[in-house]
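Geometric and topological summary
Chain residues, written in single-letter form:
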Amino acid sequence: MLLPIVQGGHSAAGNVVTIALTTESDVSILTKAVAAGYDNSKKGTIAVTLASGQNLTASSISNYALRTGALNAETALTISITGSVCGKDGTNRTGSASAGVNGTAGGNAGNALHLEYQPSGSGSISVTVNSGGVIGGGSGGAGQGGGAGQRRNESCDGKGNCSCTGSPITGSGGGAGSARTGCRALAGNAGGSGSYGGGSSGCHVTSPGSGGSGGSAGAAISESTSGIVYSLTNNGNVYGATA
């Protein structure tokens, strides 16, 4: 029997729901299914599709582009992806820190697809990434550059008596790391270290700061509890760790 397919479309008979997702952020399969008439107190079947050209994103690193929600353990869930499901990129730091200060680390990235129930009985989770489809964690943010170092000049009187004089000479701050984007789950680039700009090595004022580390990449597929059983068929592209 063919099921009606609309966004949130469903067939109530047998507690079967088919959902065709379109471009959106922070999507919960449970929320979509219940809105379409699904009864989560019973076992059932949910089929989710994401067509080519449709993109799911996360609004923040604490959210997910797509999450299952706490579905009934006996739910048979299939997810077919031909579009893209992308975690949020981490925050990029810019510029350099104050003199002598280490750069701030780039922000960690978010995860793309989050699994939140452990199937049992007739339940199952099946994820298929079709040709052209993508599931990718966000990429880590770039680190800030380290602050500049400072030294004074040394002045000697010819009798072996030397002292540090004048105002501190400030060097250059390190550059921020280059940003990464694009649903590829790449670790962020670190910022560069600061440097001295002159003065005497014996007249140290402030050491150059180290560049901030890049943020960590997000996962393609994460889970709310360890050991959730699911199958993954990848005929497209999966970027990042999988649960």
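What comes next concerns the included structure. Remember, predicted model here, so these are calculated numbers, not experimental data.

1. Re the state of the cysteines
Inspection of every chain in the model, using the stated rule, returns three disulfides. The disulfide that involves Cys86 links it to Cys183, with 2.1 Å between the sulfurs. Between Cys86 and Cys183 the disulfide shows an S-S torsion of about -95 degrees. By sign, it is left-handed. Placement of Cys86 in strand S9 (residues 84-86) and of Cys183 in the loop between strand S14 (162-170) and strand S15 (204-206) is noted, with a sequence separation of 97 residues between them. Per residue, the accessibility class of Cys86 equals that of Cys183, and both read buried. Taking only the cysteines that form disulfides and numbering them from first to last, the chain has the pattern 1-5, 2-3, 4-6.

2. Remarks on the packing of aromatic side chains
For the structure on display, the rule yields zero aromatic pairs. Its guanidinium or amino end placed over the ring of Tyr196, Arg151 lies 4.0 Å from that ring's centre, counting from NZ or CZ.

3. Some remarks on the pattern of salt bridges
As enumerated under the stated definition, the model contains three salt bridges in all. In this structure, Lys32 and Glu24 form a salt bridge, with 2.9 Å as the shortest nitrogen-oxygen distance. When its relative accessible area of 19% is taken as the criterion, Lys32 is described as buried. Across the pair Lys42 and Asp39 runs a salt bridge, and its minimum N-O distance is 3.8 Å. Using a relative accessible area of 48% as the deciding quantity, one classes Lys42 as partly exposed.

4. Some points on the environment of Ala35
Relative to the helices and strands, Ala35 resides in helix H1 (residues 29-35). Taking the C-alpha atoms as reference points, Ala35 and Thr181, separated by 146 residues in sequence, lie 33 Å from one another.

What counts and how
- Residues numbered from 1 in each chain as written.
- Predicted model: local features only at pLDDT ≥ 70, side-chain atom pairs only at ≥ 80, totals over all residues.
- Heavy atoms only, no water.
- Disulfide = S-S within 2.5 Å.
- Helix = DSSP H or I, 4+ residues; strand = E, 2+ residues; numbered from the N terminus.
- Buried < 20%, exposed > 50% of the residue type's maximum accessible area, 1.4 Å probe, protein only.
- Phe/Tyr/Trp six-rings, centres within 6.5 Å; stacked < 30°, edge-to-face > 60°.
- Lys NZ or Arg CZ within 6 Å of the ring centre and 35° of its normal.
- Salt bridge = Lys/Arg side-chain N within 4 Å of Asp/Glu carboxyl O.

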